[in-house]
Structure formats: C-alpha cells, structure tokens
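The primary structure of each chain is shown beneath.
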Amino acid sequence: MATAETSTQTCYRHPTRETGVNCSSCGRPICPDCMTPTPVGMRCPECARQKTQVRTMRNMGTEPRVTVAIIAVCAIAFLATGSFGVGGGGGDALFRRLALFGPAVAAGDWWRLVTSGFLHAGILHIAFNMYLLWILGQLLEPALGSRRFAALYFTSLLWGSFGALVVEPDVLTVGASGAIFGLMGAAAVDLRSRGYNVLKTDIGILILFNLGLSFVLSNVSIGGHVGGLIGGALVGAVFLAADRRRAPWLSYAGAVVLAAIAVVGALATVS
C-alpha cells in the first residue's frame with residue numbers, strides 16, 4: 001500500500017519543517033512532532049484535543065447520524081422479533097422470514113441478504129454488536145462523512161451475507177457483525193495507507209480478537225465475518241483511491257460495483 005503523499009509542504013506550526021502528512025480532521029500539514037496517532041489517522045494537536053469535530057467544508061454535518069439510525073433499526077427489529085433470550089432466540093415467524101437462509105434466497109427471497117444484517121439472536125448478540133457499531137461509528141462516520149459511511153456499511157453487510165452463504169448456505173444466519181467487520185477492515189486499510197503497522201493499533205487488535213472469537217465460539221458465522229472484513233477492506237481501498245484522485249464520485253461508484261459483486265456472488269452460491 002502507498003504511504004502518505006510526499007508533495008512539498010511545511011508544518012503549519014513549524015514552517016521550516018517539510019512534511020508529507022496532513023491532519024486527518026482539518027487537513028493542515030503536520031510534522032512528526034505535531035502528529036497525534038488516532039484510529040482514523042494522524043491528527044494535529046488542536047484536533048486531537050477537541051471533543052467536538054473541527055468544522056470544515058469536508059467534515060461539516062458529519063455527526064454519527066447513520067450510526068444512530070442503524071442502531072435504532074436493529075433495536076426495533078430486535079423488539080419486533082421477540083428474540084429476548086440471553087444467548088439465542090429467533091423462533092418468531094418474522095425472524096424466519098427475514099433471516100439469511102440459502103434455500104430461501106435461491107427461491108427469490110433476495111431481501112434476506114440485507115434484512116438479516118438487522119436481526120439478532122438474543123440480548124448478548126445485539127448488545128455486543130451495537131456496542132462495537134457505536135464505537136466504530138463515532139470514529140469512522142465523522143471522518144468519512146455520513147454518505148460514504150452508509151455506503152461502506154451496506155456494502156460490507158452484503159459481503160458478509162455473501163461470505164455466510166459461501167460457508168454455511170443452509171444455516172439461518174443473522175447479525176450486524178459482517179458489516180461491523182467491514183468497518184474494521186476499512187479502518188485497517190486507511191491506517192496502513194498512513195504507514196501504521198495495523199497489528200499494533202487498536203483496530204488491528206480488535207480484528208484479531210473478534211476473528212479469534214469467530215473460531216472459538218459456537219453458532220458464529222465465520223464466513224459472514226471474513227466476508228464482511230474483505231468487503232470493507234475493498235471499499236476502504238476504493239475510498240483511498242477516490243481521495244487521491246480528488247474524485248468523490250469514485251467512492252460511490254466503487255461501492256455500488258462491490259455491492260453488486262457481493263449480490264451476484266451470493267445468488268450464484270445458492271443457485
């Protein structure tokens with residue numbers, strides 16, 4: 001992966017020092033002494049200290065509205081399906097109609113590729129996923145913008161469904177974890193592009209920990225997690241390419257293409 005751009009510019013606090021790194025929040029050039037590492041890139045001292053996001057034309061209006069909306073939809077779906085067990089559930093008819101299930105998708109229930117990502121089997125399941133979504137959403141949505149964050153989330157969700165069908169097509173699968181793994185994958189790609197060793201960051205540890213749980217715990221969709229991680233990483237790479245080319249449309253076009261690949265791949269898997 002490429003590192004930060006090397007165009008000649010000087011640190012805004014130390015004009016005699018050249019740098020190729022810009023603050024991921026306000027965009028000002030910063031030298032090594034002014035860099036503060038964060039999960040979404042280097043930030044200048046002012047942005048690192050501020051609890052409220054610095055307002056620029058790029059990030060104005062990017063509070064985590066989409067994150068909150070997704071959490072609300074998942075909560076409503078959880079209440080509607082009545083999956084109130086501590087560690088499992090899902091016997092409700094609505095749950096069975098919306099959960100991911102290969103034979104049903106093959107029969108024409110394509111909506112399950114999306115709706116399954118808003119269902120959860122038990123209180124622990126939804127609590128853990130919504131906690132991760134809230135943490136990652138607060139980091140990524142202000143950095144990406146709400147529209148790109150939504151594109152990342154839903155594309156990752158579709159890739160999670162694709163992965164789940166590849167590994168276990170005949171098992172009822174639900175949960176937002178595929179999309180959440182996609183958020184982690186995109187964050188990892190961004191950190192790597194800035195020269196970080198991802199495995200030494202909080203995002204890298206989070207990925208490894210949750211992948212480890214995928215192989216240790218029962219009733220966990222390994223395919224969904226890996227599929228979402230791959231999809232999110234691909235979207236993250238597209239976003240980086242769009243930013244480097246200063247072509248915002250490329251972000252959305254790339255996400256649409258990747259989402260289409262996931263849908264076609266999922267349908268081909270169960271056909």
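Everything discussed here concerns the structure shown above.
A few points on the structure. Computed from a prediction, not measured in an experiment: that's the story for all the values here.

Next up on the list: the overall build of the chain. The secondary structure content of the chain amounts to eleven helices and two strands. Listed by position from the N terminus, the elements making up the chain come as β-β-α-α-α-α-α-α-α-α-α-α-α. Expressed as a percentage of its 271 residues, the buried residues of the chain come to 50%. If you take every contact in the chain between residues at least 6 apart in sequence, the share linking residues at least 24 apart comes to 64%. For the chain, the exposed area adds up to about 13,100 Å²; of that, 66% sits on carbon and sulfur atoms.

With that out of the way, let us pick up helix H6 (residues 123–144). Compared with the 32 Å implied by 1.5 Å per residue over 22 residues, the 30 Å span of H6 between its first and last C-alpha is a close match. Residues Ile126, Asn129, Met130, Leu132, Leu133, Leu136, Gly137, Leu140, Glu141 and Pro142 constitute the buried set of H6. Looking at the packing, one finds that the buried side of H6 touches helix H2 (65–81), helix H7 (146–167), helix H8 (177–193) and helix H9 (202–216).

For the rest of this paragraph, the subject is the pattern of salt bridges. The final tally for this structure, using the stated rule, is four salt bridges. In this structure, Asp109 engages Arg112 in a salt bridge whose closest nitrogen and oxygen atoms are separated by 3.1 Å. Owing to a relative accessible area of 18%, Asp109 belongs among the buried residues under this scheme. By relative accessible area, which is 7% here, Arg112 ends up buried. Between Asp190 and Arg194 there is a salt bridge whose closest N-O contact spans 3.1 Å. Since its relative accessible area comes to 17%, Asp190 is described here as buried.

Okay, the nonpolar core next. The biggest cluster of nonpolar side chains holds 59 residues, and the ones touching the most others in it are Tyr153 and Leu183. At the level of elements, H2, H6, H7, H8, H9, helix H10 (222–244) and helix H11 (248–270) are the ones that each hand at least two residues to this core. In terms of residue count, H7 provides more of this core than any other element does, ten residues in total. Excluding its chain neighbours within four sequence positions, the residues that come into contact with Leu183 are Leu133, Leu136, Leu140, Phe149, Leu152, Tyr153 and Ser156. Counting residues in each nonpolar core, the second largest holds six residues, with Phe95, Ala99, Leu119 and Ala121 among its members.

Under the defined criterion, the tally for this structure stands at three aromatic pairs. Ring centres of Phe118 and Phe154 lie 6.1 Å apart, and the angle between their planes is 40°; on these two criteria the pair is classed as tilted. Taken together, the positions of Phe118 in the loop between helix H5 (112–115) and H6 and Phe154 in helix H7 put the pair 36 residues apart, joining distant regions of the chain. Overall, the relative accessible area of 12% leaves Phe118 in the buried class. Ring plane angle 80° and centroid distance 5.7 Å describe the contact between Tyr153 and Phe154, whose orientation is recorded as edge-to-face. Among the aromatic residues, those joined into a ring-pair cluster are Phe118, Tyr153 and Phe154.

Let us now look at empty space enclosed by the protein. Summed over all chains, the structure comprises two cavities of 30 Å³ or more. Of the voids in this model, the largest cavity is the one considered here, and its volume is about 130 Å³. Contributing to the lining of the largest cavity are 16 residues, with Gly160, Ser161, Thr173, Gly175 and Gly178 lying nearest its centre. Going through the elements one at a time, H7, H8 and H10 are the ones with two or more residues in the lining of the largest cavity. Sorting elements by how many residues they give to the lining of the largest cavity places H7 first, with four residues. Class assignment of the residues belonging to the lining of the largest cavity gives a composition of five nonpolar, eleven polar and no charged.

Cut-offs used in this document
Residues numbered from 1 in each chain as written. Predicted model: local features only at pLDDT ≥ 70, side-chain atom pairs only at ≥ 80, totals over all residues. Heavy atoms only, no water. Helix = DSSP H or I, 4+ residues; strand = E, 2+ residues; numbered from the N terminus. Buried < 20%, exposed > 50% of the residue type's maximum accessible area, 1.4 Å probe, protein only. Contact = heavy atoms within 4.5 Å. Areas by Shrake-Rupley, 256 points an atom, 1.4 Å probe, with all protein chains shown as cover. Expected span 1.5 Å × (residues − 1). Salt bridge = Lys/Arg side-chain N within 4 Å of Asp/Glu carboxyl O. Core = buried A, V, L, I, M, F, W, Y, C linked by side-chain atoms within 4.5 Å. Phe/Tyr/Trp six-rings, centres within 6.5 Å; stacked < 30°, edge-to-face > 60°. 1 Å grid on protein atoms, 1.4 Å probe; cavity = no way out; pocket = protein on both sides within 12 Å on 5 of 7 lines; lining within 4 Å. Points joined across faces, edges and corners; volume = space filled by probe spheres on them. Nonpolar A, V, L, I, M, F, W, Y, C, P; charged D, E, K, R; others polar.

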